Amino acid sequence: PKQLDVITVADAMKSVPGYCPPAVWLPYVKMGQSGTGIVCDRSGGKFGPFEKQLFMGEFVLSGVNRVFLEKVGGEYQGACFPFVDGLQCAALALATLPDGSLVVGESNRGWNSKGNRPFGLQKIVWTKKTPLDVQKLELTETGFRFTFTLPVEKGGELTGQSYTYPFQSKYGGEELDAKPLQITATKLSDDGLVLEVTIANLREGYVHEFELPQLKAKDGTPLWHRMAYYTLNRRK
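Residues numbered from 1 in each chain as written. Predicted model: local features only at pLDDT ≥ 70, side-chain atom pairs only at ≥ 80, totals over all residues. Heavy atoms only, no water.

### Quick word on the overall build of the protein
What counts, and what does not: We count a stretch as a helix when DSSP gives it H or I for four or more residues in a row; a strand needs E for two or more, and each element gets its number in order from the N terminus. Throughout, exposure labels follow a simple rule: accessible area from a 1.4 Å probe, protein chains only, divided by the maximum for the residue type, with under 20% read as buried, over 50% as exposed, and the rest as partly exposed. Two residues form a contact once any of their heavy atoms are found within 4.5 Å. Counted as positive: Lys and Arg. Counted as negative: Asp and Glu, with His and the chain ends omitted from the count. The location of each charge is read from NZ of Lys, CZ of Arg, CG of Asp or CD of Glu.
Helices and strands together make up the secondary structure of the protein, namely one helix and 15 strands. Overall, the protein is about 55 × 50 × 30 Å in size when its C-alpha atoms are taken along their principal axes. Burial analysis of the protein (236 residues in total) assigns 45% to the buried set. Counting contacts in the protein only where the partners sit at least 6 residues apart, residues at least 24 apart contribute 60% of the total. Mean positive and mean negative side-chain charge positions of the protein (27 and 25 charges, respectively) differ by 3 Å.

Written out as C-alpha cells, the structure is:
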C-alpha cells in the first residue's frame, strides 16, 4: 500500500474537520515522557506564586511539571515549565492539602522510571522563600510577555525556536519544521518583573520554545528554570 504523506498538527488544524488540538503540548523527553495526575493550585498563595496554575505528575522522569493556561480567541492554550524532579520514583497521583502542600503518590510497578524505590509518598512544601522563575508566559499581538516571580536584573540573550508535530495515531512523533524564533526586540519593565518580547515569525499550531539566559533577581537569587514552552494554537 502507498504510504500517505504525513501532515502536521498545524496542517490538521486547518484541514481536518472536528480536530481539536491540545491546549498545551509537553515536548517529549524535554518535559518528560508520560504525564500523569493533574491538580490545580487553589491554595490562595500557600504553595507559592503559582496560584490557579496546574501541576502535572511525570512518570518516567519522576517529577512534577507546571502548566499556565490563558484563553485566546475563546479557547485555552498556554505554556508548560519544569517544576521539580528527582522524586523517589514515578509520580502518579497528585493532591493538595489544606496547608497548601502538594502530595505525590508514586509507584514503579509495571513500568520503568528514575528513582530506585518501588513506591513512595512524598510531600512538597513551599519554604516561604520565593524562587526566581517565570510566573506566567502570555501571548501578545507581537510576541510574548514573561512575568517573573521576582524583579530581575538585565542580562543575557533570550533564544528560542518553534516546531510542530506529525498528525498521526501511532505513539510518539518527532519535532517537525523547526525554525529559530526571529526575536526583534526585548524590553524589561522598570520594576524588573515583566519582559516583553517581539517576535517576527509567530506560527499557529506550533510550540514556541524559549531558553532564558542565566538571569538573577535583584536580590541575587538565580533563575530556577531556564526553559519554557508555549503552545500557540491561536493568535491574538
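### Re the pairing of strand β6 (residues 102-107)
When a strand is regular, its side chains alternate between the sheet's two faces. Stated formally: Think of it this way: DSSP has to see at least two bridges between two strands before they count as a pair.
Within β6, six of the six residues are buried, which leaves the element mostly enclosed by the surrounding structure. Where strand β5 (residues 91-96) and β6 come together, five bridges link them in antiparallel fashion. Residue pairing across strands places T96 opposite L102, the latter belonging to β6. With six bridges joining them, β6 and strand β7 (residues 119-124) adopt antiparallel strand pairing. Its bridge partner lying in β7, V104 is registered against Q122.

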